[in-house]
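# Examining the three-dimensional arrangement
Below, each chain spelled out in residue letters.
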Amino acid sequence: PLQYGNGAGGNLNGCAAFPAGSLTGKVLLVDRGACNISIKAANGSAAGAVLVIIANNAFSNTPPTFSYGGGVVTVPALSITQNEGVTLKTLLGQTASTSDTDFVALQDDIVASSGRGPRIADGDIKPDIAAPGASVSAEVGTGNGKTAFGGTSGSAPMVSGAAALIVQDLEMSGLLRDANPGVALPGISAAPLVKALLMNTAMPNTTIGGSYLAPITLQGAGRVDVLDAYNTQTVALDVTDLYNWLMTGEDFPCTVSTSPTNFIQEAVFGATSEFYNGSYDCLSAYPFGNDFFNAWNSTTGSLSFGYDGVSGSWSATRKVAIFNLDTAARTYKLSTAFRYTGNGHDADNNKGVSISASPSVVTVPGWPTIGGGPGQPLPVALVDVTVKINAKNLRDWTLDAGTFGASGTNIFCSNPNPQSGCPTLTMFEYDGFLTIDGGADNTVRLPWQVLPKKAARTEVFKVTSNSVKLRNPASYKSGDTDVLALVEVSPNNCEIVDTLGNCVEENYVPGLLPGINATAIDIHEVGLRSYVVPGLNAAVGLPAPGHGAVNDEVIDFGVTVYDKPFRASHNYPVEFDIYVDSNADGVDDYVVFNADLNLNASDGRNAVFVADVNPADGTRPLRPYFYSFTDFNSQNWILPVPAAAIGVTNTQPFKFFVLAFDAYFTGDLWDCSPFACGTYHQFQTGLAKYQPVTMAFQVPAKGNYTLTFSKPGGGAAASPSQIGLLFMYRDARVGAESSHVILP
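Our subject in this report is the structure included herewith. (Residues numbered from 1 in each chain as written. Predicted model: local features only at pLDDT ≥ 70, side-chain atom pairs only at ≥ 80, totals over all residues. Heavy atoms only, no water.)

### A few points about the pairing of strand E25 (residues 606–612)
The condition that has to hold: To sort residues, take the accessible area from a 1.4 Å probe on protein chains only and compare it with the maximum for the residue type: under 20% means buried, over 50% means exposed, and anything in between is partly exposed. Only DSSP runs of H or I reaching four residues or more are called helices, and only runs of E reaching two or more are called strands; each is numbered from the N terminus. Note: two strands are recorded as paired if DSSP finds a minimum of 2 bridges between them.
Most of E25 sits out of view: seven of its seven residues are buried. Residues Asn606, Val608, Val610 and Asp612 point to one face of E25 and Ala607, Phe609 and Ala611 to the other, with burial holding for every one of them. With seven bridges joining them, strand E24 (residues 590–596) and E25 adopt antiparallel strand pairing. Each residue of the ladder has a partner; that of Asn594, found in E25, is Val608.

### With respect to the sheet that holds strand E12 (residues 330–338)
For clarity, the cut-off: Here the axes come from fitting lines to C-alpha atoms, over the contacting stretch only for helices, and the angles between their N-to-C directions go from 0 to 180 degrees.
In space, the five strands of this open sheet follow the order E10-E17-E16-E12-E14, with mixed pairing throughout. The open sheet has two free edges, formed respectively by strand E10 (303–310) and strand E14 (361–364), since each of these has just one partner strand. Averaged over all pairs of adjacent strands, the angle between strand axes in this sheet comes to 20 degrees, irrespective of strand direction. In the sheet, strand E16 (residues 430–437) pairs with strand E17 (residues 443–454) via eight bridges, with the strands oriented antiparallel.

### Observations regarding helix H1 (residues 37–46)
How we decide: Only heavy atoms enter the contact rule, under which two residues are in contact if any of them lie within 4.5 Å.
In terms of burial, H1 is largely enclosed, as eight of its 10 residues are buried. Residues of H1 that are buried include every one of Ile37, Ser38, Lys40, Ala41, Ala42, Asn43, Gly44 and Ser45, and no others. Residues of H1 that are buried sit in contact with strand E2 (27–31), strand E3 (51–55) and strand E4 (77–80). Looking one or two residues beyond H1, the residue adopting positive phi is Gly48, at roughly 105 degrees.

### A short note on the pairing of E12
Note: E12 against E14, four bridges, orientation antiparallel. Considered in E14, the bridge of Tyr332 is made with Val362. Bridge count between E12 and E16: six bridges; the pairing is antiparallel. By the bridge assignment for E16, Lys333 is matched with Asp437.

Here it is in structure tokens:
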């Protein structure tokens, strides 16, 4: 029989031991959470259960996967989704069983814990490709023993082995003539070529839960198929950056000091003699090379149109190179398609985005000889792939990194009103494939993806002695605007850093250089505001302030970061630590900081915690009070906290400073506010230097809004750090999410 917890409403998560023998012959159902799954299974098996079932405690499309976390497990244990758990809880007491033969195979099904793109740095498609990651491996120290082996540690060797076979084939065919491709210098990495071959020929239709097509940002090009990669004589790459360098690059003409070592170099450098005269090596500054180095390594087997806000019409074109490796000419037919079509809420057709390839038919010459030199017809065709977007028909954006921070990674949602019930990334991104049909064994594909956000274009355009006028020229989206007291505009420290933390290139295009494993959290603007939420303190167990202070006050700390070198985004790697001296006596009392709700990267929702760091007046336990107000992919952060939780009242000034950390790669401190680290801002919530009449408003589409403000008496003394007003825009384009006004 099936039993939930101890059968009497207790121990529902199975983290406590069950009485010996109390589960003999039973199937135990428990909820996920509070302890490792293996502990739950161990507790169940110790009490006599024959099977332990762990139901997820949050919505997910597939059952969660976990690593061993302790305990002695002697019976089978299965994880299931939250919805499946709800169903089983209506069947308690009935007989439950499992079967080793009656099951649905999940071949080519993506594991629920697999990483999801797009890459925050630049909006590019990630991962590039999928591979089997759940298999059996030899177990070290056991002789001929075997053990279950999975995860990225299982799939990566699969792709590495496939790549090695392709490198060998290219070398044997004479198309690759570098004993250590991409390793030995001088030379130009063949990695983009090998990767593109594997991506072009991957099996494109992996699934989630056995039936739902996995999005491009979960599978990349699809499941690796080394046989198809071996058989094809066609390869196609996005060469947009390389093409632009050839036309306008700062390093042009860049030359190489060694002979070309692969066929793409043949096509780029072998066509005209001025590219190859041995004057200097493009890789002389490896790995922080010039524009050519960056452009060469950006070539890939996918088409990433990125993330941005769209307020009207928008279009972008990527350049695709199709290489024919055969000796005979070949004609290719090109077509584009959406991943999801039909009438469902995830369908992308007729939702404001279109994609096309031009020309739609190309004939590419064969490659009769290797290294034919100047005058040799190049076995390559260039094709333009264009995405056009009309903001009018885009879905209204409801993703965020707080309340819905855990739902964006779900693949689909069964809620009848998904945009407000459980918005998913799949709902807002548009993706599919460009198919290049060259006949048997020569039909290749490039996945494409774009993530547009219906956006306003709010901006400040007029300032007077007591007002700020904002306008929004966007046609289809009003501009939600938060206004805060501005206390600092911080300088832009550095746009790109090397492994030693040194600035290396002033105008580097957003992206990651090899080996950095760090991200700069560079503070731009800092502000704050306060307001009242009736009943808050009683609801969260905080005392009401005395001495005539306002009860139920909330303080919002607002921080923006610079958009270059890349978008730092939510949860990781960004962490702000705000040290608060509640009574301005020179002693820090509390630290307000943002982090994953579970403090271990397992949840996805970004919350605002308060740590009591001054035990002199007693210490409150560490706890979160609110979710962060920050979007899925934004440079704006608002961290709300109850004023009572940090000992602040509106009747006296307090001091604070902000530290910005890379919380994922290094844990390093990157920036401070005030910029002179070790100093403080001073502010009094009840007596600002410049007081706006409202803290939030909308600027209507094709309209404007005038915000008036006053200069309260005594405000300059109580809040000397305020230098103006900070405007944070919730629906905005990249690089235009905030503005500020410095006032006299």
